[in-house]
Amino acid sequence: MKLSLFSLVLLCGNIAFAQLSVQNDAYLFVKNQYVYVTDDVNIDDANSKIYLRDEAQLLQGNGSTGNSGTGELSIYQTGNVNQWSYNYWCSPVGNNSAAFGNEDARVNLIDDATGIPSSGDPLGLTSSTDALFIAGYDGTSSPLGIAKRWLWTYQTSEQYIDWVFAGAAGNIKPGLGFTMKGNGTGLTGSQVYDFRGKPNNGTIGNDVANGLNTLVGNPYPSAIDAAAFIHDVDNQTSITGTLQYWEQDGAVSSHVLQDYRGGYYSFTINASGTVITDTPAEFRTYDEEDNSFPLPTPTFGSKLAGRYIPVGQGFMVEGITGTPGTPATVYTKNSHRTFAKESDGNSTFFRNNNDNNTNEVTGIQYQENGLSIVPEDYKRFRINVDFTVDEAEYTRQLVLNFNDSATAGFDYGLELIRTESSASDAYFSLDEKVYSAQAFPFEEALTIPLAVNIEQQQPLRFRIFDIQNFDDTQGIYIHDNENDTYVNLRNLDYSLNIEPGNYTDRFTIVFMSQALSVKEFDTTALTINQSNSLHQLTVNNPNGLDIKTIEIYDVTGKRISQLQLTAIENNYNLPTLRLSDGVYVVNVAFNSNTEAISQKIIVKN
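Residues numbered from 1 in each chain as written. Predicted model: local features only at pLDDT ≥ 70, side-chain atom pairs only at ≥ 80, totals over all residues. Heavy atoms only, no water.

Let's shift gears to the overall build of the protein chain. A count of helices and strands for the protein chain gives two helices and 52 strands. In the protein chain, which comprises 605 residues, the share counted as buried stands at 57%. Counted over contacts in the protein chain with a minimum sequence separation of 6, partners at least 24 positions apart contribute 67%. Carbon and sulfur atoms form 47% of the exposed surface of the protein chain, whose accessible area is close to 24100 Å². (Helix = DSSP H or I, 4+ residues; strand = E, 2+ residues; numbered from the N terminus. Buried < 20%, exposed > 50% of the residue type's maximum accessible area, 1.4 Å probe, protein only. Contact = heavy atoms within 4.5 Å. Areas by Shrake-Rupley, 256 points an atom, 1.4 Å probe, with all protein chains shown as cover.)

With five bridges joining them, strand 46 (residues 527-531) and strand 47 (residues 536-540) adopt antiparallel strand pairing. Residue pairing for strand 47: Ser531 is matched across the bridge by Gln536. Between strand 46 and strand 47, which pair antiparallel and follow one another directly, the connecting turn spans four residues, one of which, His535, has a positive phi of 55°. Across five bridges, strand 47 lies against strand 50 (residues 571-575) in antiparallel orientation. Within the sheet, the bridge partner assigned to Leu537 lies in strand 50 and is Leu574. (Pairing = 2+ DSSP bridges.)

Regions with low pLDDT carry predicted coordinates that are not meant to be interpreted in detail. Across the protein chain, the average pLDDT comes to 87, with 88% of residues at or above 70. A low-confidence stretch, residues 514-520 (pLDDT under 50), is modelled with nine contacts involving residues beyond four sequence positions or located in other chains. (pLDDT = per-residue confidence, 0-100.)

Inspection of the secondary structure puts Asn488 in strand 43 (residues 485-488). Judged by its relative accessible area of 11%, Asn488 falls in the buried class. For Asn488 and Arg463, which are 25 residues apart along the polypeptide, the C-alpha to C-alpha distance reads 9.7 Å. When near neighbours in sequence (up to four residues on either side) are disregarded, Asn488 contacts Gly475, Ile476 and Tyr477.

What follows covers the packing of aromatic side chains. Evaluation of the coordinates by the stated rule reveals 33 aromatic pairs. With 5.6 Å between their ring centres and 45° between their planes, Trp89 and Phe195 make a pair best called tilted. Taken together, the positions of Trp89 in strand 11 (residues 86-89) and Phe195 in strand 20 (residues 191-199) put the pair 106 residues apart, joining distant regions of the chain. Of the two residues examined, Trp89 and Phe195, each falls in the buried class. Arranged with centres 6.2 Å apart and planes meeting at 85°, the rings of Phe410 and Tyr412 form a pair that is edge-to-face. (Phe/Tyr/Trp six-rings, centres within 6.5 Å; stacked < 30°, edge-to-face > 60°.)

Here the idea is simple: oppositely charged side chains can pair when their charged atoms come close. If you walk through the whole model with that rule in mind, you get 19 salt bridges. In this structure, Asp249 engages Arg261 in a salt bridge whose closest nitrogen and oxygen atoms are separated by 2.3 Å. Separated by 12 residues along the polypeptide, Asp249 in the loop between strand 24 (243-248) and strand 25 (262-269) and Arg261 in the loop between strand 24 and strand 25 bring together distant segments of the chain. On the basis of relative accessibility, which here comes to 7%, the residue Asp249 falls in the buried class. Overall, Arg261 belongs to the partly exposed group, its relative accessible area being 32%. Across the salt bridge formed by Arg461 and Asp386, the nearest N and O atoms sit 2.7 Å from each other. Of this pair, Arg461 sits in strand 41 (residues 458-468) while Asp386 is found in strand 35 (residues 379-389), placing the two residues 75 residues apart along the sequence. Three or more residues joined by partner-sharing salt bridges are found here, namely Glu72, Asp111, Asp194 and Arg196. (Salt bridge = Lys/Arg side-chain N within 4 Å of Asp/Glu carboxyl O.)

As summarised here, the arrangement of the four strands in space is 49-48-51-52, forming an open sheet in which the pairing is antiparallel. Strands with a single pairing partner mark the edges of an open sheet, and in this sheet they are strand 49 (559-564) and strand 52 (596-603). Neighbour to neighbour, the strand axes of the sheet diverge by 20° on average, direction disregarded. Note: strand 48 (residues 547-554) against strand 51 (residues 582-590), seven bridges, orientation antiparallel. Residue pairing in the sheet places Thr549 in a bridge with Ala589 of strand 51. (Axes fitted to C-alpha atoms, helices over the stretch in contact; angles between N-to-C directions.)

Our next topic: the nonpolar core. Membership of the largest hydrophobic core comes to 55 residues, with the highest contact counts inside it found for Phe381, Ile383, Leu460, Phe462, Phe507 and Ile509. No other element matches strand 35, which puts five residues into this core. Apart from the residues lying within four places of it in its own chain, the contact partners of Ile509 are Phe381, Ile383, Leu400, Leu446, Thr447, Ile448, Leu450, Ile476, Tyr477, Ile478 and Leu489. By size, the runner-up hydrophobic cluster in this structure holds 33 residues, among which are Leu28, Ile146, Ile172 and Tyr193. (Core = buried A, V, L, I, M, F, W, Y, C linked by side-chain atoms within 4.5 Å.)

What follows covers unusual backbone geometry. In this chain, Ser142 is followed by Pro143 through a cis amide linkage whose omega measures 0°. Along the chain, Pro143 turns up in the loop between strand 15 (132-134) and strand 16 (145-147). Phi at Asp431 is positive, roughly 50°, even though this residue is not glycine. Within the secondary structure layout, Asp431 lies in the loop between strand 38 (425-430) and strand 39 (433-440). Its identity is not glycine, yet Asn469 carries a phi of approximately 65°, on the positive side. On the basis of relative accessible area, Asn469 is assigned to the partly exposed category, the value being 35%.

Strand order in the open sheet formed by three strands is 3-6-9, and the pairing between neighbours is parallel. On the outer flanks of this sheet lie strand 3 (15-17) and strand 9 (57-60), each paired with one strand and no other. On average, adjacent strands in this sheet sit at an angle of 20° to one another, irrespective of strand direction.

Further remarks concern the environment of Ile601. Looking at the element boundaries, Ile601 is found in strand 52. Residue classification places Ile601 among the buried residues on the basis of a relative accessible area of 5%. For the pair Ile601 and Gly582, spaced 19 residues apart in the sequence, the C-alpha separation amounts to 8.4 Å. Not counting residues within four places of it along the chain, the set of residues in contact with Ile601 comprises Ile528, Gln530, Leu537, Gly582, Val583, Tyr584 and Val586.

Below, the structure is given as structure tokens:
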């Protein structure tokens, strides 16, 4: 198809062309649909335009010449962070020129989307102005001002892999991602960016190196299928299969690096696209008043990705072959492209977990909390490991998948390899790599090591949720090998105070406790209550459990008081009048050495 002088075409239905040329100041306006071009797109003249609006997208086939033209394709994407937080981006367009093929992008190709439709006129959405680029720290929303100092790429070179400053005019290779902070002072932002330039097309490669990250993304003016991207035969030999999406707590109103509270949400998917495995960034589980956020939806670390990667989305990948001097390549291809609208719920610019639906395209079902549901031939549960470091509390989430097709080795598309860890952290391990998720064929005799690194003495807690397709009677135990304690996490969290160290073989997840012949008993009726009006801690013991000690620790793990018990009573009282105001941990241990209960209290005298 060729659009000539003064042509104006509005497309409101899906359409396919063998080749598309827009010439002589012509315009193509596409709304809420896709255009498929078998060969190439040529936007020949500077005033010729293609406008993709209301989630419209451009898909292309196997043309070998490459797109060309000094005109522009314009496509919107909405950033969702404030002026203190980063989004990771990947431009769907590059520099526009008469040359054939993809060209480098620049951030100054982004425009301020100023068009406002009136009286239902869609052409009100075509106008824009150049975005401003600010030398200071804070971006602005209206007019759109982008703070230049936060524009960086993360890439390999002949000597290193590191952050490289891009600024407003620095060249960014097709397919390479970049960072950009948002606008506004709320917890999140909502800024529409207008990407204008030559649409990217065809196979795009970027360098990766073994054990190192590269910031890449979706380089097309259409969604791409994460399952097709991850399981492409070329990519299976070059990356781990884990996509890492940056997430940052917008409540921290600071540009100082050490103040940031953020991390990487990790995502992978199996080849058929039916099983999503993901874990959030480390998140807090308590606020200043010690109110516990209900599982599994914390305030921070709550974003989720879907199967389809939307326009403009950037993410980290880790290489498994190559070196900085002799890198391997990760590819995006036209065969990965698909038409997936963000409003359908499975392709959103790193969305919040408020979509509760079954996606009609993929068949993936979601729980009310936004987490995906695995098929019936899979089993799954998640483990939350809670840390308290310098009075700051956070949680590392781990996932275990079970399926007959899984192996004892690395299962690509079912396991998450992690590239970042905190000084106090939890993980699985295989072949000297750190995992946030592993997969196994299920059997009751399984023993799964769970490693914990502890920087300083602190309370530590293990708990599980999102238990899928397990029989209600199947126990899921954590085995503390140091004291031979088995705790069924389906009934009870396991809490303890722990000394600094690297514990690689102390804790294991098992599914039987009979090996110790331990008599399990019900501790659910035992309650721990702090009365600040009476200045008294009460432990109620209606079942007559054989309690050995009641201990109180401060949040640094220092024991403040201890009550040794010699008789079984229905309740025990400990005075707290002399304790300073603050948060404490009460630990109740039993003479059987089988279980222990810990609970946080707040003392206000």
